[in-house]
Amino acid sequence: MWFFVARRILYAVPILLGVSLVVFVLMKMVPGDAADIMIPPEAPKEVADMIRARFGLDQPMHIQYLRWLQAMASGDLGTSIFTNQPVAQELFSALGNTFKIALPAVFLGFSLGVLLGALAAYYNGTWLDKLFSGVAIAGVSLPHYWVGMVMVAIFAVVLNILPGQGMGPEGFPSSWEHIKHYVLPVITLSLIPMGIISRLVRANVLEIRSMEFVTALQAKGLKGRRVLLHIMKNAAPSALALMGLQFGYLLGGSILVETVFNWPGSGSLLNLAIFRRDIPVLSATILVLATIFVVINIVVDVLQALIDPRIRR
Amino acid sequence: MSLQDTIAVPSAADAVRRAEAGKGYWTRVRERLLADRVTLTVMILLACIVFMVVAAPLFATHDPSASSVFARLKSPGYKGHWLGTDEVGRDLWSRILYGGRLSLLCGVAPVTLAVLIGGSLGLVAGYSGGIVNSLIMRSMDVLYAFPSILLAIAICGMLGSGLGNTILALTVTFIPPVVRIAETVTTQVRSAEFVEAARASGARPISIIRFHILNNVLGPILVYATSLISISIILAAGLSFLGLGVTPPDAEWGLMLNNLRQAIWVNPLVAALPGAMIFITSMCFNLVSDGLRTAMDVRI
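Here the structure is a predicted model, which is why all the values come from computation and not from measurement.

Draft legend 1. Representation of the packing of aromatic side chains within the structure. Counted according to the given criterion, the structure contains seven aromatic pairs over all chains. With centroids separated by 5.1 Å and ring planes inclined at 90°, the aromatic side chains of Y122 of chain A and Y123 of chain A adopt a geometry described as edge-to-face. By relative accessible area, Y122 of chain A is classed as partly exposed at 29%. Relative to F279 of chain B, the ring of W146 of chain A lies with its centre 6.2 Å away and its plane at 25°, an arrangement referred to as stacked. Placement of the pair is W146 of chain A in helix α7 (residues 144-158) and F279 of chain B in helix α13 (residues 268-296), with the two residues belonging to separate chains. A cation over an aromatic ring shows up here: R180 of chain B above the ring of Y144 of chain B, its NZ or CZ 3.8 Å from the ring centre.

Have a look at this one:
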């Protein structure tokens with residue numbers, strides 16, 4: 001088991017190097033460099049050269065990459081060229097805010113997805129199956145940013161029972177007044193994981209149900225629901241793995257929903273950085289989000305191997 | 001006991017007779033699709049949407065960019081605007097038709113490119129194996145390390161907005177999963193007996209790929225690509241919604257949604273319309289993909 005974990009972590013090193021290279025190349029493909037953004041075009045050339053020298057922009061590319069990588073790896077995520085504040089501080093508080101909606105959303109999506117998927121498979125072929133499968137396929141086809149807008153229109157504009165913008169006061173939500181702000185973004189974010197997980201669970205349950213051990217259980221005289229319990233136990237590892245991946249997708253992909261709800265998370269930070277052309281914030285945010293995604297992947301693999309020993313090859 | 005007693009081994013003449021009477025794979029796929037009423041209905045609906053959007057000038061009632069200060073955000077039915085007007089008084093029906101052109105283009109073009117590039121890479125990786133395989137698959141792993149929306153946003157955010165960059169960003173995002181499917185199927189088929197037989201009889205790699213492997217890879221890729229189009233439409237509209245995709249004054253469903261965002265406080269029904277089109281179209285592609293999966297008996 002430890003060997004499996006070690007190998008999995010070692011394997012992530014070249015991946016992360018590749019990720020950093022992709023981000024660096026994208027960063028360098030931006031038209032103009034930091035000096036162009038920071039100083040007016042009519043400034044004398046000496047000033048531009050001085051700034052380039054200060055940021056090491058006059059060095060050859062591979063030196064620039066190594067320096068940048070070294071800084072990132074040591075936790076120095078750079079300084080925003082817009083606010084002149086260190087990126088790390090801003091990024092981690094934003095990430096915290098994204099976690100606060102992504103985590104409940106993935107749990108909600110997972111619970112609903114497993115329920116719908118299992119019920120659809122249990123009632124396979126009936127109208128209930130069609131209904132639940134329809135809900136699942138709508139979940140993956142809905143543009144969730146649009147759902148967010150529609151929910152704001154219904155619950156904030158027409159009914160006026162839930163706030164449609166912002167996350168309320170800082171800190172951990174404890175009162176209903178505070179939790180209210182979380183309801184719409186969490187439901188909106190949970191739609192995609194709900195659809196994807198329920199489709200996977202339905203397909204898996206149907207596949208496992210045709211296996212021999214299920215026939216044996218039925219021959220033993222076990223009732224339908226008890227058999228379903230055995231089937232679910234076998235379908236759990238892949239559903240859990242998918243839940244982990246979906247959590248990663250939500251962290252990286254919350255930008256659209258955060259824009260709709262004005263949620264001060266990592267997505268909003270990314271959005272702001274793009275429109276301010278704040279390249280240090282942009283590249284650091286993308287790098288950190290991708291790194292988190294890689295780490296989540298490792299955790300998912302290890303957890304899956306813990307549940308199902310057959311995976312530890 | 002001989003082999004014939006335990007297992008029913010068909011005689012050669014029998015096999016030939018059955019092959020002649022039987023139907024080809026694609027014939028059976030077509031028959032199964034025609035018998036599937038849901039998929040058939042959805043395909044007809046999709047064909048209607050595509051036709052109306054492509055032939056937008058025939059169906060549009062107004063000039064999609066003609067605005068009017070006096071007719072802003074009117075509800076459906078206002079003075080000949082049967083779907084209402086947008087925030088600068090442009091006819092919503094005409095804009096949805098014209099906007100669909102770009103939305104569909106952003107849905108289909110990246111997937112087509114990704115299938116061509118990713119499919120070839122996957123075939124090469126799967127067929128050659130060894131170091132070529134590792135090289136291709138490990139570089140795909142790097143792109144896999146980005147959650148898909150993030151990669152598209154990173155590319156568009158760094159390179160700037162515009163139709164070309166949107167298509168480029170989505171193509172790069174979709175290549176890795178296509179490569180993975182093509183590689184998996186090719187690796188499975190490569191060691192199958194009929195491929196061994198073809199190789200032993202002196203067939204060149206090109207013709208083995210062309211006649212034996214491509215046929216097996218095509219089904220799964222087609223099913224997956226259809227569902228990718230649905231994702232592509234949602235993501236492309238999402239990029240425009242963020243202001244990273246198609247630039248104004250062009251009409252595109254995501255961009256229209258972005259422009260109408262503030263209008264949700266004034267006229268929610270009108271503001272929700274472009275999003276409904278994104279939903280319906282992407283749902284159609286997903287349902288067609290499901291239908292194809294059943295008809296082609298594909299598992300991915």
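Draft legend 2. Fine view of unusual backbone geometry. In this structure, N262 of chain A takes a positive phi of about 50° despite not being glycine. For N262 of chain A, a relative accessible area of 45% puts it in the partly exposed group.

Draft legend 3. Summary view of empty space enclosed by the protein. Taken as a whole, this structure holds two cavities of 30 Å³ or more when the rule is applied. Estimates place the volume of the largest cavity at around 60 Å³. For the largest cavity, the full set of lining residues is S80, T83, E90, L269, L272, A273, R276, D278 and V281 of chain A. Ranked by residue count, the leading element in the lining of the largest cavity is helix α12 (residues 266-276) of chain A, at four residues. Residue classes in the lining of the largest cavity are distributed as four nonpolar, two polar and three charged. Looking at the second largest cavity, the residues that line it are L256 of chain A together with I149, A152, I153, L235, G238, L239 and L242 of chain B. At the level of secondary structure, the elements contributing two or more residues to the lining of the second largest cavity comprise α8 (148-159) and α11 (205-242) of chain B.

Analysis parameters
Residue positions within a chain follow its written sequence, with the count starting from 1. For naming, the first written chain is A and the first written ligand is 1, with later ones following in the order written. Under the rules for a predicted model, residues below a pLDDT of 70 receive no local features and side-chain atom pairs below 80 are neither given nor counted, while totals for whole chains, interfaces and linings still include all residues. The basis for every side-chain value is the complete set of non-hydrogen atoms in the structure, without hydrogens or water. Note on aromatic pairs: the rings of Phe, Tyr and Trp (six-membered ring only in Trp) are paired at centre separations within 6.5 Å, and the planes decide the class, stacked below 30 degrees, edge-to-face beyond 60, tilted for the rest. Between buried and exposed lies partly exposed: a residue is buried under 20% and exposed over 50% of the maximum accessible area for its type, with that area taken using a 1.4 Å probe on protein chains only. Secondary structure is summarised from DSSP: a helix means a run of H or I of at least four residues, a strand means a run of E of at least two, and numbering begins at the N terminus for each. Geometrically, a charge over a ring is one whose NZ (Lys) or CZ (Arg) sits within 6 Å of the ring centre while staying within 35 degrees of the ring normal. A cavity here means a set of points on a 1 Å grid, drawn over the protein atoms and nothing else, where a 1.4 Å probe fits but cannot get out; a pocket is an open set with protein on both sides within 12 Å along at least five of seven lines, and a residue lines either one if it has an atom within 4 Å of a point. Grid points are joined across faces, edges and corners, and a volume is the space filled by probe spheres set on the points. All residues other than Ala, Val, Leu, Ile, Met, Phe, Trp, Tyr, Cys, Pro, Asp, Glu, Lys and Arg, Gly among them, are scored as polar; the first ten of these are nonpolar and the last four charged.

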